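Architecture at a glance
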Amino acid sequence: LARALDAAIPKADVVHIHSLYLFHVWYAARVARAARVPYLLRPHGTLDPFMWKRHRARKALVEFAFQNRVIDGAAALHWTAEAEMRLAEPYTRGAKGVVVPNGIDVAEFADLPARGSFAAKFPQLAGTKPVLFLSRLNFKKGLDVLIPAFRKARDADPALRLVIAGPDDGYEAQARSLVAAHGLESHTLWIGMLNGRDKLAAFVDCALFALPSWSENFGIAIVEAMACGAPVAISDRVNIWREIEDAGAGLVSPPEIDALAAHILLLANDPARAKRMGEAGRKLAAERYDWANIAARLESVYREVAAA
């Protein structure tokens, strides 16, 4: 990695460094400074207060060793949402910020799988209302809220089913224990990693997509769900929640059990409202999060940084 950075960075006009507190961040910034190449630094959620406080003593050592110098030397910090930038302000050391969101290739969502194609693969979903979680199985994704909230919602509506899809990122064992503790083993479907049209089919067939994260700098799975017409129930710790709420594309609450359970029931039992939100989500995804538009904005930022 070091040899590759040594060879590539001096030839660049701008370097875009991803994340913080890692070897490549220190080394890439070091090489860029030596070569007098400006760099953008993307914190990728690491300066959200929830994550900034985690392992604070360990991170403080890294900040003293190199991370503060990396931030100070950046031409700008790249944020993917206005809320992400505002939340991180106490920890940015006054660095300039630019906001350019993540995106999707809208064309990939033009031809969606037929409704029912995902449920057809899993007989246990027949006649049910699937509540889909699709993300990394990570401590910050809010499964500790979603599972008891689903239990409470299912007590009121036995047709609900919980579908958990995504790779294990250190939390699957705890999530399975929570499912068992709430007596939901026979009402929960574990899918594992989904890609391609299988993922799109899951979005199309769900009654709603739920992601009550404790911290989420963007949440690309939410945009993908919206692009498939799925209404979303998310927490107000997802940094694009204001955009979603303003567009009427989903329901937003704190990461709390009762509030999420109420939103699950509302979307699962009001098909007309769920459909309106799904349509609003498709419109929002196409207009705001299409890579064709985002790439042009990012290119403009690169040009500004290089010129300065």
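The paragraphs below set out a description of the structure included in this document. (Residues numbered from 1 in each chain as written. Predicted model: local features only at pLDDT ≥ 70, side-chain atom pairs only at ≥ 80, totals over all residues. Heavy atoms only, no water.)

Brief notes about the packing of helix α6 (residues 143-156) against helix α7 (residues 172-181)
Our working definition: For helices, the axis comes from a line fit to the C-alpha atoms of the stretch in contact; other axes are also lines fit to C-alpha atoms, and the angle between any two N-to-C directions lies between 0 and 180 degrees. The helix and strand labels rest on DSSP assignments: H or I over at least four residues marks a helix, E over at least two residues marks a strand, and numbering proceeds from the N terminus. Comment on the angle field: the value is read as roughly parallel under 35 degrees, roughly antiparallel over 145, roughly perpendicular from 65 to 115, and oblique elsewhere. Crossings are sorted by hand: turned counterclockwise from the far helix by less than a right angle, the near helix makes the crossing left-handed, and turned clockwise it makes it right-handed. The contact rule is simple, with two residues in contact once any of their heavy atoms fall within 4.5 Å. When residues are grouped by polarity, Ala, Val, Leu, Ile, Met, Phe, Trp, Tyr, Cys and Pro land in nonpolar, Asp, Glu, Lys and Arg in charged, and all others, Gly among them, in polar.
Contact pair α6 / α7: the axes reach a minimum separation of 10 Å and the direction vectors enclose 20 degrees. The angle between the axes of α6 and α7 places the two elements in the roughly parallel class. The handedness of the crossing between α6 and α7 comes out as right-handed. Touching Leu143, Asp144 and Ile147 of α6 are Ala175, Leu178 and Val179, all from α7. The class makeup of the residues in the contact of α6 with α7 is five nonpolar, no polar and one charged.

A short note on helix α8 (residues 196-205)
Put simply, the rule is: When accessible area is computed with a 1.4 Å probe and restricted to protein chains, residues below 20% of their type maximum are described as buried, those above 50% as exposed, and intermediate ones as partly exposed.
Counting buried residues in α8 gives seven out of ten residues, a clear majority hidden from the surface. Looking at the buried side of α8, the elements it contacts are β5 (129-134), β8 (208-211) and α9 (220-227).

Looking at the nonpolar core
Definition in use: Here, nonpolar core means buried Ala, Val, Leu, Ile, Met, Phe, Trp, Tyr and Cys residues that are tied together by side-chain atoms lying within 4.5 Å of each other.
Leu143, Phe209, Ile234 and Ile244 are the most contacted members of the largest nonpolar core, which has 71 residues in total. Among the elements that take part in this core, α6 stands out by supplying seven residues, more than any other. Contact partners of leucine 143, with chain neighbours within four places excluded, come to Phe133, Leu137, Pro148, Ile164, Tyr171, Ala175 and Leu178. Within the second largest apolar cluster, 25 residues are counted, among which are Leu20, Val37, Tyr39 and Phe66.

Comments concerning the sheet that holds strand β3 (residues 76-79)
Just so we agree on the cut-off: Note on pairing: DSSP must find at least two bridges between two strands before they are called paired.
The four strands are arranged β1-β2-β3-β4 in an open sheet whose pairing can be described as parallel. Looking along the sheet, the strands with just one partner apiece sit at the ends: β1 (15-18) and β4 (97-99). Recorded for the sheet is a direction-independent mean angle of 30 degrees between the axes of neighbouring strands. With three bridges joining them, β3 and β4 adopt parallel strand pairing. Each bridged residue has a counterpart across the sheet, and for tryptophan 79 the counterpart in β4 is valine 99.

Thoughts on the packing of aromatic side chains
Just so we agree on the cut-off: Between the rings of Phe, Tyr and Trp (Trp by its six-membered ring), a pair exists once the centres lie within 6.5 Å; its type follows the angle of the planes, with under 30 degrees stacked, over 60 edge-to-face, and the other angles tilted. We call a charge positioned above a ring when the Lys NZ or Arg CZ atom is no farther than 6 Å from the ring centre and deviates by at most 35 degrees from the ring normal.
Tallied over the full model, the rule gives nine aromatic pairs. Taking the centre distance of 5.0 Å and the plane angle of 50 degrees together, the rings of phenylalanine 118 and phenylalanine 122 count as tilted. Residue classification places phenylalanine 122 among the partly exposed positions, given a relative accessible area of 21%. Each residue in the set Phe23, Trp26 and Tyr27 is aromatic and connected to the rest through ring pairs, giving one cluster. Directly above the aromatic system of tryptophan 52 lies the positively charged group of arginine 56, at a separation of 3.6 Å from the ring centroid.

Regarding the side chain of glutamate 216
In this structure, glutamate 216 sits in the loop between β8 and α9. In contact with glutamate 216, other than residues within four places in its own chain, are Lys141, Leu211, Arg237, Val238 and Asn239.

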